[in-house]
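In case you want the letters, here they are:
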Amino acid sequence: MRYFVEQVQEKGRLDLVDELVHPEFRNHTVEPGQRDDREGMRETMAALHEAFSDLRVEVLHCVGDGDLVATHKLFRGSHTGAWFGVPPSGDRVEFRVMDLVRYRDGRLFEHWAVADGVSLLRQTGALP
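These remarks concern the structure in this document. As the structure is a prediction and not an experimental result, all values here were calculated from the model. (Residues numbered from 1 in each chain as written. Predicted model: local features only at pLDDT ≥ 70, side-chain atom pairs only at ≥ 80, totals over all residues. Heavy atoms only, no water.)

**Regarding the packing of helix α1 (residues 2–10) against helix α3 (residues 38–51)**
Relative orientation of the contacting elements α1 and α3 amounts to 65°, with a least axis distance of 9 Å. Facing Phe4, Val8, Gln9 and Glu10 of α1, the residues of α3 in contact are Met41, Met45, Leu48 and His49. Partitioning the contact of α1 with α3 into residue classes produces five nonpolar, two polar and one charged. (Axes fitted to C-alpha atoms, helices over the stretch in contact; angles between N-to-C directions. Helix = DSSP H or I, 4+ residues; strand = E, 2+ residues; numbered from the N terminus. Contact = heavy atoms within 4.5 Å. Nonpolar A, V, L, I, M, F, W, Y, C, P; charged D, E, K, R; others polar.)

**Some remarks on the sheet that holds strand β4 (residues 92–104)**
With mixed pairing, the five strands of this open sheet are ordered in space as β1-β5-β4-β3-β2. Pairing within the sheet leaves two strands with one partner each, and these edge strands are β1 (21–27) and β2 (52–65). The mean angle between the axes of side-by-side strands here comes to 25°, regardless of whether they run parallel or antiparallel. By the bridge criterion, eight bridges tie β4 to strand β5 (residues 107–115) in an arrangement that is antiparallel. For Tyr103, the partnering residue across the bridge sits in β5 and is Leu108. (Pairing = 2+ DSSP bridges.)

**A look at the side chain of His111**
Within the fold, His111 resides in strand β5. His111 gets classed as buried once you look at its relative accessible area, which sits at 13%. Of note is the side chain of His111, whose polar atom sits 2.6 Å from the side chain of Asp99. Once you skip the residues sitting within four places of it in the chain, His111 turns out to touch Phe25, Arg26, Asn27, His28, Thr29, Asp99, Leu100 and Val101. (Buried < 20%, exposed > 50% of the residue type's maximum accessible area, 1.4 Å probe, protein only. Polar contact = N/O pair within 3.5 Å; in protein donor to acceptor, adjacent residues only side chain to side chain.)

**Here we look at the pairing of strand β3 (residues 68–79)**
Within β3, nine of the twelve residues are buried, leaving the element largely enclosed by the surrounding structure. Relative to β3, β2 is paired through eleven bridges, and the arrangement is antiparallel. In the strand pairing of β3, Glu58 is matched with Leu74. A loop of two residues connects β2 with β3, the two strands running antiparallel in sequence, and Gly66 in this loop sits at a positive phi of about 65°. The sheet contact formed by β3 and β4 spans eleven bridges and is antiparallel. Residue pairing across strands places Lys73 opposite Val97, the latter belonging to β4.

In structure tokens, the structure reads:
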């Protein structure tokens, strides 16, 4: 999990998605219009890096139990590109995400997340 966070989420190494994410991957908490499969994961990570330059992801907590791993993370970056229709503000932003991932065959297989989207929308100027 930490390798995925460091390499894919923080560094944008989309070339590692096929290696780290199971072909039958399902994201159970996608937004409307997003794909729930491995390609959707790749698209979301690409959009994240297009929207937030100098992205840093800090793992605050990481807990595993059998085939499940939960993380609590803090994302920080500059909002220099559009994010789901919100034009770039140029502002520094930070938002928290809690993920639960089930692994199969050593790869991400299922995903659930809770993200602090309201805080992010406020920081980008999309909400007053």
